[in-house]
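As a plain string of letters, each chain reads:
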Amino acid sequence: MNTLPVQIAFYSLAALTLISAAYVVRARSIIHAGFWLLPCFVGVAGLFATLQAHFFFVAQLLIYAGAILVLILFALMLTRDAMSLHVPLKSHLGIWAGLISAGLGISASLVLARQSWSVTTAHPAGPARQAEALGEALIGLYAVPFEVASLLLLSALIGAVVLAKVERAPAPEPPPLADTLPEPEETRKEPVGVE
Amino acid sequence: MPADQSSDFSYLAVVVFTFVGIAFIAFNLLLARLLSPSAPTPEKLTTYECGVQPIGDAWRQFNPRYYLFALLFVVFDVEAVFLYPWAVAFRQVGAFAVAEMLIFVGLLIAGLIFAWRREALQWE
Amino acid sequence: MIIPNYRLGPIDLVTLLPYIAMLCIIGFILAIVPLLIWIERVVISLMQDRIGPNRVGPRGLLQTIADGIKLFFKEDIQPRAVDVRIYYLAPVLAMIPALTAGATLPFSTVRFRMEDGSVQTFPMVVGNVNIGILFILAMASLQVYGIILAGWSSNNKYSLLGGLRASAQVISYELAMSLAILSAVLMSGSLNLVHVVEAQMNGFWNWNLFAYPPLGFIITVIYLISMVAETNRAPFDLPEAESELIAGFHTEYSSMKFAMFFMGEYASMLVVSGVAVSLWFGGWTSPLPLLDFIPGFIWFLVKLFALFFVYVWLRASLPRLRYDALMNLGWKRMLPTALVILFLIACWNTLRTPQAQDANPVSEITMAPARAAEGER
């Protein structure tokens, strides 16, 4: 698989991923950082494609680029003051963050380097076969983790509903139509049941 | 063509096509830049809010309800992605696969019903 | 129609096929989008009992082209408050996913006479990426960023509101859409659009629309509704509601940047309609076996235009939905229905397993140029 086009694709995608990841960290406003995640995720998806992991390529696009990033952007847009470009991001924890990331990076690469990777010369299965094999594994060998994943998703769903659901007061009686017209001063000061 | 390039080759055509598309869009935008007149006035460059002078910028907090729907979307999207390989392999396995899928989807339907009962799906 | 496989040095026609398909798609989009807009205006005029475009060219046919040229000469206003880079990126991102998705949509087959005298059939598609449906779905999910970026970067309250509304709508209906596609995969047992179309050959009664009656029909309707909602078209055009949001996320876009959003909308309409044609209406195959002599791309086009007519028909007949009704329809009606139908199809499929053993029939169509990929199993 080490043909020249694949090599070029690999290095340019790796560059895309790394550079946009750097921009995510460096961005002045948090919403820009969120936008920079898009090329980062797409680059990772492309790396899967160059590795001929076709199903993961599409899953990465669908889940990370298509769903999780939307969630992140929505979260940013709904947070007070996170959206504006004029609220600068300040953090005094830069050094600590750098140290921790460096430590994690070094330990991860040590583990990866020590691992003996089984390199096969066998040709990877075709894309259709890959999805099929994955499905068979999910049904057969990994049936229990598959169902546990469902349980995990269920708990995420319940958590989301419980967290996002603000306790709602009973809906106020809708005022009669005439009330929407301008009224005398004293009646308008009456507290109106608006949330 | 050697067999191992086959699927990369298909992606290559898609990538080429994407770049042709980007070039087409860039060409159009540039051509419009060259052809169109430019006579900016301060009024013309204000944000258009029906003729009313805009107050502040638009980058404000919005209704958190959108967030809940995005969260629900992520959950069900992951579920759909799990189901695709299942759908392809399904015919080889048969009844056991259906039972397994029933549990998988059933749990999520239970979640959906829970959200429904808690009126989380209600848009206000 | 059998074409000899002309060869020039190392390059033969079969190798060039993806690039020929590419030219076809680009030419098609450039030529058809003006025609589609014209059709839409004329049909809506007829339905509303007025004349419609009739000044430029015969029966107003050149009206759209005149509009396009006009857009080139319109002032390109860049409002002061926008976030410039993202503001320019948004129209590009609105169009690219639709185009890229179109690249994996097979729209016809070609029969070539090879060097050894045998006749082989190849699909007309730019990139036969074998998990074609999922790739198109992934591209459809990236469609939302053009809207979000435009809405945010415009720095206009209406645009941002429109963008948020649009993206919440798109993600809600994407679920129903992906479940509908999933049931088509279940019916055909393949993620490759060529295989899905092939399974529906030899007559309209083999279409997935009529498979597992009435489940196929219901799931088709679910797909069609979510397809209209995905593309933000009437009656789901809330993000662009003129009366409340001016024009939604593209309020601040003028000149060619606006045209890109417009073209992107039509391109994605074509792509989702093309997916619908391939999944439910038999793709490029003819509805009756005795009509097989008509080339595949003509059938594809006829079906595509029929679906486009449905789009226009809906726009002319239905009022815009209220936002809570829209969310209710997506989450409380279509999503549960799609899940239940998916399950019913799976059960049905299991009950008649003895007949369904030959899950992946040997394809008559060669996967060009990935023709070796299948053989390696």
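Reading the values: the criteria
Residues numbered from 1 in each chain as written. Chains lettered and ligands numbered in written order. Predicted model: local features only at pLDDT ≥ 70, side-chain atom pairs only at ≥ 80, totals over all residues. Helix = DSSP H or I, 4+ residues; strand = E, 2+ residues; numbered from the N terminus. Buried ≥ 20, exposed ≤ 12 C-beta atoms within 10 Å, placed from the backbone. Rg over C-alpha atoms; globule rule 2.2 N^0.38 Å. Contact = placed C-beta atoms within 7 Å. Nonpolar A, V, L, I, M, F, W, Y, C, P; charged D, E, K, R; others polar. Core = buried A, V, L, I, M, F, W, Y, C linked by C-beta atoms within 7 Å. Domains from an automatic or database assignment. Pairing = 2+ DSSP bridges. Axes fitted to C-alpha atoms, helices over the stretch in contact; angles between N-to-C directions. Left-handed = near helix turned anticlockwise from the far one by under 90°. Expected span 1.5 Å × (residues − 1). Bend = angle between axes of the 7 residues up to and from the residue. pLDDT = per-residue confidence, 0-100. Parallel < 35°, antiparallel > 145°, perpendicular 65-115°, else oblique.

### Side note on the overall build of chain B
1) Next: In terms of helices and strands, chain B carries 3 helices and 0 strands.
2) Next: Secondary structure elements of chain B, listed N to C terminal, follow the sequence α-α-α.
3) Next: Of all 124 residues assigned to chain B, the portion counted as buried reaches 43%.

### Observations regarding the overall build of chain C
1) Next: In terms of helices and strands, chain C carries 12 helices and 5 strands.
2) Next: Relative to the 2.2 N^0.38 estimate, which gives 21 Å for 377 residues, the radius of gyration of chain C is 22 Å and therefore close to what a compact globule would have.
3) Next: Once the C-alpha set of chain C is aligned to its principal axes, its extents read approximately 65 × 55 × 45 Å.
4) Next: Across the 377 residues that make up chain C, the buried fraction comes to 54%.

### Topic: the interface of chain A and chain C
Many authors give the size of an interface as the accessible area that is lost as the parts come together.
1) Next: Counting residues at the interface gives 21 residues for chain A, matched by 25 residues for chain C.
2) Next: The greatest single-element share of the side of chain A that touches chain C, amounting to 11 residues, is contributed by helix H3 (residues 54-77) of chain A.
3) Next: Of the residues contributing to the side of chain A that touches chain C, the split by class is 16 nonpolar, 4 polar and 1 charged.

### So, the nonpolar core
1) Next: Of all hydrophobic cores here, the largest spans 188 residues; its most connected members are B:Tyr84, B:Trp86 and C:Ala338.
2) Next: The leading source of residues in this core is helix H2 (residues 65-93) of chain B, at 22 residues.
3) Next: Three or more residues apiece are contributed to this core by two domains, here domain 1 (1-84) and domain 2 (126-165) of chain A.
4) Next: When sequence neighbours within four positions are dropped, the list of residues in contact with C:Ala338 reads C:Ala176, C:Leu179, C:Ala180, C:Ile219 and C:Ile222.

### Details of the pairing of strand E5 (residues 119-124) of chain C
All names here are of chain C.
1) Next: Of the strand pairs in this sheet, strand E4 (residues 108-113) and E5 are connected by 6 bridges, and their pairing is antiparallel. Counterpart to Thr109 in the pairing with E5 is Pro123.
2) Next: Hairpin connection, E4 to E5: the antiparallel pair is bridged by 5 residues, and Gly117 has positive phi, about 90°.

### Comments concerning the packing of helix H10 (residues 255-280) of chain C against helix H11 (residues 296-317) of chain C
Residue and element names in this part refer to chain C.
1) Next: In contact at an axis separation of 9 Å, H10 and H11 are set at 120° when each is read in the N-to-C sense. Considering how the two elements wind past one another, H10 and H11 form a crossing that is right-handed. In this structure, H10 uses Met269, Leu270, Ser273, Gly274, Ala276 and Val277 to contact H11, whose residues at the interface are Phe300, Lys303, Leu304, Leu307, Phe308 and Tyr311.
2) Next: Per-class residue counts for the contact of H10 with H11 are 9 nonpolar, 2 polar and 1 charged.

### Concerning helix H12 (residues 323-351) of chain C
1) Next: Between its terminal C-alpha atoms H12(C) stretches 41 Å, which fits the 42 Å expected from 29 residues at 1.5 Å a residue.
2) Next: The axis of H12(C) is deflected most strongly, by about 30°, at C:Met334, and proline C:Pro336 appears within four residues downstream.

### A word on the sheet that holds strand E1 (residues 2-4) of chain C
Residues and elements named next belong to chain C.
1) Next: The strand order E1-E4-E5 describes an open sheet built from 3 strands, whose pairing is mixed. A single partner strand is all that each edge strand has here, and the edge strands are E1 and E5. Each neighbouring strand pair of the sheet contributes to a mean axis angle of 40°, computed without reference to strand direction.

### Structural notes on the pairing of E4(C)
1) Next: With 3 bridges joining them, E1(C) and E4(C) adopt parallel strand pairing. If you follow C:Pro4 over to E4(C), its bridge partner there is C:Arg113.

### Looking at the interface of chain B and chain C
1) Next: Residue-level contacts link 61 residues of chain B with 68 residues of chain C.
2) Next: Of all the secondary-structure elements, those providing two or more residues to the side of chain B that touches chain C are helix H1 (6-35), H2 and helix H3 (95-117) of chain B.
3) Next: The element that contributes the greatest number of residues to the side of chain B that touches chain C is H1(B), accounting for 19 residues.
4) Next: Across the side of chain B that touches chain C, the residue classes break down as 43 nonpolar, 12 polar and 6 charged.

### Considering unusual backbone geometry
Residues and elements named next belong to chain C.
1) Next: In this chain, Pro213 is followed by Pro214 through a cis amide linkage whose omega measures -5°.
2) Next: You can see Pro214 is positioned in the loop between helix H7 (193-198) and helix H8 (215-230).
3) Next: Positive phi, close to 45°, is recorded for Tyr212, a residue that is not glycine.
4) Next: Mapping Tyr212 onto the fold places it in the loop between H7 and H8.

### Some words on the confidence of the model for chain B
1) Next: When pLDDT is averaged along chain B, the result is 77, and 81% of the positions lie at 70 or above.
2) Next: In the model, residues 1-6 of chain B has pLDDT below 50 throughout and makes 11 contacts with residues more than four positions away in sequence or in other chains.

### Remarks on the environment of B:Phe69
1) Next: Tracing the backbone through its elements, the reader meets B:Phe69 in helix H2.
2) Next: Of the residues examined, B:Phe69 has 25 C-beta atoms within 10 Å and is grouped as buried.
3) Next: Sequence separation between B:Phe69 and B:Trp123 is 54 residues; the distance between their C-alpha atoms is 9.7 Å.
4) Next: When sequence neighbours within four positions are dropped, the list of residues in contact with B:Phe69 reads C:Ala168 and C:Ser172.

### Some thoughts on H10(C)
Residues and elements named next belong to chain C.
1) Next: With 26 residues, H10 should cover 38 Å at 1.5 Å per step; its first-to-last C-alpha distance of 38 Å lies within 8% of that length.
2) Next: For H10, a buried count of 25 out of 26 residues is recorded, marking the element as mostly surrounded by other parts of the structure.
3) Next: Gly282, located one to two residues past H10, shows a positive phi value of around 80°.

### Some words on the confidence of the model for chain C
Residues and elements named next belong to chain C.
1) Next: Of the residues in chain C, 90% have a pLDDT of 70 or more, and the chain-wide mean is 81.
2) Next: A low-confidence stretch, residues 355-362 stays under pLDDT 50, and its non-local contacts, those more than four residues away or across chains, total 7 contacts.
3) Next: Ignoring residues within four places in sequence, the model shows residues 367-377, a span with pLDDT below 50, making 32 contacts including any to other chains.

### So, the packing of helix H6 (residues 157-188) of chain C against H12(C)
Residue and element names in this part refer to chain C.
1) Next: Two elements in contact, H6 and H12, have axes whose closest approach is 9 Å; the angle formed by their N-to-C orientations is 15°. Judged on the interaxial angle alone, H12 and H6 are roughly parallel. H6 and H12 meet at a crossing whose hand is left-handed.

### Some details on the environment of B:Ala13
1) Next: With respect to the element layout, B:Ala13 can be found in helix H1.
2) Next: Leave out the neighbours within four places in its chain, and B:Ala13 touches C:Pro18, C:Met22, C:Val126 and C:Gly127.

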